[in-house]
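Next come the chains, spelled out residue by residue.
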Amino acid sequence: MILSPENRLPTSMPLFRFSSGELQPLQKLLSDAGSLTSQRNESTQKFRSLLDSYKRRSEIFSPIITELRDDYLKKQTPVTVGEAYIKMHAELVESGVPEAAMFSFFKQCLNFNITLTEIRFQNKNKYGTSESIVSEYSRQTQNLQMVELRELKTKFTKAPSWFKGSIVDWQIFALKHADFAAYLDTDGEAEKVHKQIQMGDVQAMRRSYSISKSTFRDFLPDWIIDSDGVPPDIAEVKTELDEDKEEVEVTEKRLNDVTSQTDHLYTNIGKKTMGAVLWTEKSYRTLFPKIGNLAELLIYLNTTDRCNRTLVPIDVIEKTPYEQWNRIVTPPGEVFEAAIRSFTRSGALFATPDMTALYIEHALRTSTLVQNAAEQEGSTIVPVLGQILSDRQFTMTGLTRSEETRIQSVIRKILHPLARLLSADSKNYLLEYSSTMRSEPAAEFIWEFAYALSSEVIHRSSDRDVVKAVDDIRKRSAQWIRSNWREAYCYLSERLTIADANSGDNLQKETDTVQSLLKEPEEIEEASQLERQFIAGNLDGWTLRYAQNNTSDEKQLMDVAGGTTLEDRQRDFAHFVRSNNIPCAIKPESVIKALNWLVAAPKEAEQIRMRTQVGDEEFKKLKRGSLRIFYQMDPRAKQIIFFIYQKKSWDYRF
């Protein structure tokens, strides 16, 4: 049973009078709109699931990426120092500078470069990640240069005997050599990348790691730590440099593998999201090529309720990169207002009678000529409307002065201007019709008046009252729709009996397209495998044995860092280090991370790794800050025997 509108809407008129020709298209539109809403909701839910999956993996990978980037940045210290030394050695020694004097000057430059690194990273706590620090550094280049010049003047106050020139010449010479980023940047790459960073290029920011040339005090190469002031053998420097470069390359590859996995997943989801957006937009525009009447508007508002739209041309959507799709999306509130604005400002508002009938009803109720349009009040309004249509002077007996004033105002400002829009034929028809409807409800005449107006072409008029009446209809219609559209939609859907089982055929053709868009991308499974790999770690299946008392006859091998996940191994080894009071300048977890990296390193890197004699045995060596990890690795048995040594005063002996 359809409830009367007065039970739910601010009108006593039964809305939506459909002819047989109007009913079926609206039934189909309502069905197709319901199908579109269901598929859109399914699509939204699926993409939320995909994005949640990406977010979960990002939460896992983000700290790993941050650590890899920091590790990558710091591992470049021995590479930078080695390259700077080899270049400076070739330049100055070949120019006649004694090797000892050159080495002394190099250590001055290194000390200055370490100071520059500390200055550039002094805001680490403020800015957080290394990436943001590099970005902040690029934005404050001029300020930093002033600080660097002050540091230069304090560290290079006197020229050595081998330098021939003034103090100004000496400081220029020193600056050229002491900032390793500038000294080693022979092709201007650093300056170019920093400019790109200032313009917001994220990829350039990543590239900046490879040209930063920072030197961290705790990551210096052994050949300078153990030098005791004696110039190192250049062959030893080159050998260790090759090893350091190999380690940097392995770390960079690992970093790129992880970032490319997460970036590819994000890109894939972004492209699929944009594909769904494009499909949805085409579906909306196929279903609603235009809004022709109030019923279509209500169906449209219900279909787009609480959903974003991109109200730009389709070709603009297709050309918009997925990263920028938020720039063209229209929020739900604006979609709602855009639809109402489009409907009320177009000819569609007057092409159908619904809103005009509501407007006339409101005017008659305001004038108190009508209390309830559904009741039999024809005898009350027929005389008045007859005078309006025939342009006769309003006359009615038995009215108070205030009642007559109110009725006169409504007639003069609303009903008369509307009547002027009618053609002579329409006026004659309404006059003839009014003579037969004295016993009918007022709603019948209101509908006929509205139908007559909808058949006319609403044109621009120089009559101010007519212009104002038309504007009033537009404004009141917009207000009424904003306030009552949900109730009006429910009333409309009750009126439309959806009986055609094939009414959704139009959209059914697109179902396969939507399902393909909703299909979970392969990259999700790839990321899942990567996630499982990170959880288990490269050490999965390996046995780690710690060599205690390694230089004595009482050497003991203890199984450490057990567990099924990398996190378990880190926790177990940290407990072992603390329980045995083993000096460890870095977090014990970082030792396990280093071994986790080691077993996945290329064979080429392992072949060139430096070897050290410890007692009667040969161990290879990994560097982590001032800590040294000495190890023997058996890939076939999947076993590592290792111990750690904390360098004291930058010197160690066994």
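This text gives an overview of the structure that appears in the document.

Here we look at the overall build of the protein chain
Helix and strand counts for the protein chain come out as 27 helices and six strands. Burial status across the protein chain gives 47% buried among its 654 residues. Looking at the protein chain alone, contacts between residues at least 24 apart form 73% of all its contacts between residues at least 6 apart. Of the roughly 33000 Å² that the protein chain leaves accessible, carbon and sulfur atoms contribute 48%.

Structural notes on the packing of helix α16 (residues 354–366) against helix α20 (residues 442–454)
As a packed pair, α16 and α20 sit with axes 8 Å apart at the nearest point and diverge in direction by 130°. One finds that α16 runs oblique with respect to α20. Regarding α16 and α20, the two cross each other, and that crossing is right-handed. The residues of α20 that touch α16, namely those facing D354, T356, A357, I360, E361 and L364, are I446, W447, F449, A450 and L453. Split by residue class, the contact of α16 with α20 holds eight nonpolar, one polar and two charged.

Quick notes on the environment of P14
Counting through the fold element by element, P14 comes out in the segment before α1 (20–93). A relative accessible area of 32% means that P14 is categorised as partly exposed. P14 sits 360 residues away from A374 along the chain, and the two C-alpha atoms are 7.8 Å apart.

Digging into the nonpolar core
One finds I299, L415, L418 and I481 to be the most contacted residues of the largest nonpolar core, which totals 76 residues. Ignoring sequence-local partners within four residues, the contact set of L415 consists of I360, L364, L385, I388 and V410. Grouped together as the second largest cluster of nonpolar side chains are 32 residues, L544, Y546, A594 and V614 included.

Here's the deal with the sheet that holds strand β6 (residues 639–646)
Read from one edge of the open sheet, six strands run β2-β1-β6-β5-β4-β3, paired in mixed fashion. Single-partner strands in this sheet number two, and they are β2 (556–560) and β3 (611–614). Neighbour-to-neighbour, the strand axes of the sheet open up by a mean angle of 40°, direction not taken into account. Taken together, the four bridges between β3 and strand β4 (residues 617–624) define a ladder with antiparallel strand orientation. The residue of β4 that forms the bridge with T612 is F619.

Quick notes on helix α6 (residues 167–178)
For α6, spanning 12 residues, the distance from its first C-alpha to its last is 16 Å, which sits close to the expected 16 Å at 1.5 Å a residue. Restricting attention to buried positions, one finds in α6 the residues W170, Q171, F173, A174, H177 and A178. The arc that holds every buried residue of α6, seen down its axis, measures 160°, which confines them to one face. In α6, the exposed positions angled more than 90 degrees off the buried face are occupied by V168, I172 and K176.

With respect to α16
Note: α-helices contain 3.6 residues per turn, so residues at a spacing of three or four share the same orientation. An ideal rise of 1.5 Å per residue puts 18 Å on 13 residues; α16 measures up with 18 Å between its terminal C-alpha atoms. Burial runs high along α16: 10 of the 13 residues are buried. Among the residues of α16, those classed as buried are D354, M355, T356, A357, L358, Y359, I360, E361, A363 and L364. Trailing α16 by a residue or two, T368 shows a phi angle of about 70°, which is positive.

Structural notes on the pattern of salt bridges
Going through the model one piece at a time under the given rule, you end up with 16 salt bridges. Residues D222 and K621 are paired through a salt bridge, measuring 2.5 Å at the closest nitrogen-oxygen approach. Highlighted residues: D222 in helix α10 (residues 222–225) and K621 in strand β4, separated in sequence by 399 residues. A salt bridge links K468 to D472, with the nearest nitrogen and oxygen atoms 2.9 Å apart. Note that K468 and D472 are positioned in helix α21 (residues 464–495) at a spacing of four residues, about one turn of the helix. Looking at K468, the relative accessible area reads 47%, which means it is partly exposed. On the basis of relative accessible area, D472 is assigned to the partly exposed category, the value being 22%.

Let's talk about the environment of F163
For F163, the position within the fold is in the loop between α5 (141–155) and α6. Separated by 10 residues in the primary sequence, F163 and F173 have C-alpha atoms spaced 9.4 Å apart. Once residues within four sequence positions are removed from consideration, F163 is found in contact with D169, W170 and F173.

What about the packing of helix α25 (residues 566–579) against helix α26 (residues 588–598)?
Contact geometry for α25 and α26: axes closest at 8 Å, N-to-C directions at 130°. Classified by the interaxial angle, the pair formed by α25 and α26 is oblique. Regarding α25 and α26, the two cross each other, and that crossing is right-handed. Of the residues in α26, those in contact with L566, R569, Q570, F573, A574 and V577 of α25 are P588, E589, V591, I592, K593 and N596. Taken together, the residues that form the contact of α25 with α26 break down as seven nonpolar, two polar and three charged.

Comments concerning the environment of L297
Along the polypeptide, L297 turns up in helix α12 (residues 294–303). Judged by its relative accessible area of 0%, L297 is buried. Taking C-alpha positions, L297 is 9.5 Å from I481, a pair spaced 184 residues apart along the chain. If we skip the residues at most four places from it in the chain, L297 touches I291, A339, F343 and I481.

Definitions and cut-offs
Residues numbered from 1 in each chain as written. Predicted model: local features only at pLDDT ≥ 70, side-chain atom pairs only at ≥ 80, totals over all residues. Heavy atoms only, no water. Helix = DSSP H or I, 4+ residues; strand = E, 2+ residues; numbered from the N terminus. Buried < 20%, exposed > 50% of the residue type's maximum accessible area, 1.4 Å probe, protein only. Contact = heavy atoms within 4.5 Å. Areas by Shrake-Rupley, 256 points an atom, 1.4 Å probe, with all protein chains shown as cover. Axes fitted to C-alpha atoms, helices over the stretch in contact; angles between N-to-C directions. Parallel < 35°, antiparallel > 145°, perpendicular 65-115°, else oblique. Left-handed = near helix turned anticlockwise from the far one by under 90°. Nonpolar A, V, L, I, M, F, W, Y, C, P; charged D, E, K, R; others polar. Core = buried A, V, L, I, M, F, W, Y, C linked by side-chain atoms within 4.5 Å. Pairing = 2+ DSSP bridges. Expected span 1.5 Å × (residues − 1). Arc of directions from axis to C-beta. Salt bridge = Lys/Arg side-chain N within 4 Å of Asp/Glu carboxyl O.

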